[in-house]
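# Architecture at a glance
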Amino acid sequence: MRLLSLLHDLEVVTRPVHPETRAALDRRWVELPEAVRTPAQALGQHAVGCEGTHGVFPRCNLACTPCYHSRDANRVAVSGSHTQTEVAAQMSLLRTVRGPRAHAQLIGGEVSLLPADDHAAALQVMIDHGRQPMSMSHGDFDYDYLRDLALGPEGKPRLKRLSFAGHFDMLMFGRRGIERPADEASLNLYRQRFADMFKRLKREHGVRYFLAHNMTVTPRNLDQIAAVIRDCKDYGFGLFSFQPAAFLGDDRRWHESYRDASGDEVWAEVEKGAGCRLPFRALQIGDERCNRTTYGFFLGQTYHPILDDENPADLAVRDTFFRYFGGVSFSGTPLPLLTVKIARVVARHPSLLGWFGGWLARTVRKAGLGNLLRHRIRPVTFVMHSFMDAADVAPAWAGLQAGRDSSDPRIAATQQRLLACSYAMAHPETGELVPACVQHSVLDPAENIALRRLLPLTPVTGRSAASTRPGSSV
Ligand code: SF4
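Residues numbered from 1 in each chain as written. Predicted model: local features only at pLDDT ≥ 70, side-chain atom pairs only at ≥ 80, totals over all residues.

In the nomenclature of an unreviewed UniProt entry, the chain is known as Radical SAM domain-containing protein of Kribbella qitaiheensis.

In structure tokens form, the structure reads like this:
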């Protein structure tokens, strides 16, 4: 009896896709607007979407133009216990709705304003809820902070792997040593220093890491994108993400005519930096007007996308991947367990070896065997994420809440994008998940006013904190 139960548990653990993930994927697929339910769509076929925190540490000590946070964000004190409590509540809802595995961003505000112990505790809460957390930072902190984050009180790593997104661009003011960057190139030293801290941490303490590079794009720095990629591609970033600026958040920080740079122009500059066409239609995450993504790798100076959206053989491999491996958590599963899961799929469908063998042979041929022997493979993903303007999001969201499709083509398009959103934030007080655009356009202002009362910069005595909790009716 005991043996039978053990075998049953083993079967469940090694099942390629967790049943709750399968259910969450199926729900996601059904809820997507029909126009985005294409063979390339990753949401609902392979992934549930990315997640982010909100209202957990809204404050930041740099000034971005634009800044997506409301004007009260910087009037909220940073509190480790508040962060942990709120992160736990938000992750719990995400775990229920989105299933046991997902990527989630620990995002404020500036994460390094949290004491290192509180930052580590918040990451652990996310991990305990099955999330793969990424800390979103401006990167203006010292190695000591990083070391204190990674190591426990006994000097042993408390987190085996750290994942950080460093936000660097010339539209941010107040960075130590370069308060007002003249151009993007002058920030390269700071980008490199940031990446080097993680190399050192790995060397000295064996803590692995993944680094993303985030950059807001406006007409002012559009023509510097390519040089940023060319100059910084060897620093150790595994992902370069570009965000065309939107009219969102604090309107005192809107300084340019952001819409003068189109998504196509931004992507063309990213391609210039990568040195090749970046096919983004092989894999789509949500709506193409929100996200473009190309997965690939550098061999020496040359970038090689792993799927070509104009090659039918590559598209057939993608379809096969979604069909047989859709929902398998590749990055969130320990290697031995992942190997068993993959083996179970292949054992049932041996023809997969031919499909993926063919793709591998094509990729090796394109990259060149000699190059593969000479150079180390450096996986790098290119992303463009285009937030929407608050003026469009507010009426679009109000319509969706009321069950009304807008007759205004612009607002209708916004509604479609919100319904296909790939970046959700959780509201435990209502049980709702909302797109990050909605969070920043509609919900942040009231939330930060409530947080300002709950966590005043100068502590106020004689006030009931519970009565000013965000989501309470004050
Ligand atoms: S947060 Fe906004 S821009 Fe990003 S995927 Fe969601 S709806 Fe699209």
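Moving on, there is more to tell.
It is worth spelling out the site of the ligand at this point. Every one of the 15 residues lining the ligand counts as a neighbour, but C290, C421, P435, A436 and C437 are closest to it. Elements that contribute at least two residues to the shell around the ligand include exactly α14 (409-419) and α15 (436-454). Looking at side-chain class alone, the shell around the ligand contains 9 nonpolar, 5 polar and 1 charged residues. (Near = placed C-beta within 6 Å. Helix = DSSP H or I, 4+ residues; strand = E, 2+ residues; numbered from the N terminus. Nonpolar A, V, L, I, M, F, W, Y, C, P; charged D, E, K, R; others polar.)

Here the focus is unusual backbone geometry. In most cases, non-glycine residues show a negative phi, while peptide bonds are predominantly trans. The step from T65 to P66 runs through a cis peptide bond, and the omega angle for that step is 10 degrees. Residue placement: P66 occurs in the loop between β2 (63-64) and α3 (80-98). Omega for the bond connecting G108 with G109 falls within 30 degrees of zero, at 20 degrees, which places this linkage in the cis form. Structurally, G109 is set in the loop between β3 (102-106) and α4 (116-128).

Bringing the packing of helix α5 (residues 143-150) against helix α6 (residues 188-205) into the picture now. In helix packing, the relevant descriptors are the interaxial angle and the interaxial distance, both defined with respect to the helix axes. Relative to each other, α5 and α6 sit at 50 degrees, their axes nearing to 10 Å. Classified by the angle between their axes, α5 and α6 sit oblique to one another. Handedness of the α5/α6 crossing: right-handed. Listed contacts from α6 to Y143, L146, R147 and A150 of α5 are M197, R200, L201 and H205. By residue class, the composition of the contact of α5 with α6 is 5 nonpolar, 1 polar and 2 charged. (Axes fitted to C-alpha atoms, helices over the stretch in contact; angles between N-to-C directions. Parallel < 35°, antiparallel > 145°, perpendicular 65-115°, else oblique. Left-handed = near helix turned anticlockwise from the far one by under 90°. Contact = placed C-beta atoms within 7 Å.)

Backbone hydrogen bonds hold the strands of a sheet together, and the pairing may be parallel or antiparallel. In space, the 11 strands of this open sheet follow the order β10-β9-β11-β8-β7-β5-β4-β3-β1-β12-β13, with mixed pairing throughout. A strand with exactly one partner marks an edge of an open sheet, and here the two such strands are β10 (302-305) and β13 (432-435). Across the sheet, the axes of successive neighbouring strands diverge by a mean angle of 30 degrees, strand direction being ignored. As judged from the 4 bridges shared by strand β12 (residues 423-427) and β13, these two strands associate in the antiparallel manner. In the strand pairing of β13, H427 is matched with E432. (Pairing = 2+ DSSP bridges.)

Below, the discussion takes up α6. Between its first and last C-alpha, α6 extends 26 Å over 18 residues, near the 26 Å set by a 1.5 Å rise per residue. When we look at burial in α6, the residues that qualify are R191, F194, A195, M197, F198 and L201. Projected onto a plane normal to the axis of α6, the buried residues spread over an arc of 135 degrees and lie on a single side. In this structure, α6 carries L189, R203 and E204 as exposed residues pointing more than 90 degrees from its buried face. Along its buried surface, α6 packs onto α5, β5 (161-167), β7 (208-217) and α7 (225-232). (Expected span 1.5 Å × (residues − 1). Buried ≥ 20, exposed ≤ 12 C-beta atoms within 10 Å, placed from the backbone. Arc of directions from axis to C-beta.)

Turning next to the pairing of strand β8 (residues 239-244). With 5 of 6 residues buried, β8 lies mostly within the body of the structure. As judged from the 6 bridges shared by β7 and β8, these two strands associate in the parallel manner. The residue bridging V217 from the neighbouring strand is P244, located in β8. Taking the sense of rotation as the criterion, the β-α-β connection linking β7, α7 and β8 turns out right-handed. As paired elements, β8 and strand β11 (residues 377-385) share 4 bridges and run parallel to each other. What sits directly across from S241, in β11, is V383. (Right-handed = clockwise from strand over helix to strand, strands pointing away.)

The next subject is the environment of G327. Tracing the chain through its elements places G327 in the loop between α9 (312-325) and α10 (335-348). By C-beta crowding, G327 is classed as buried, having 20 other C-beta atoms within 10 Å. In this structure, the C-alpha to C-alpha distance between G327 and P19, residues 308 residues apart in sequence, is 9.8 Å. Every residue in contact with G327, bar those within four places of it in the chain, is listed here: V17, T21, R22, L25 and H46.

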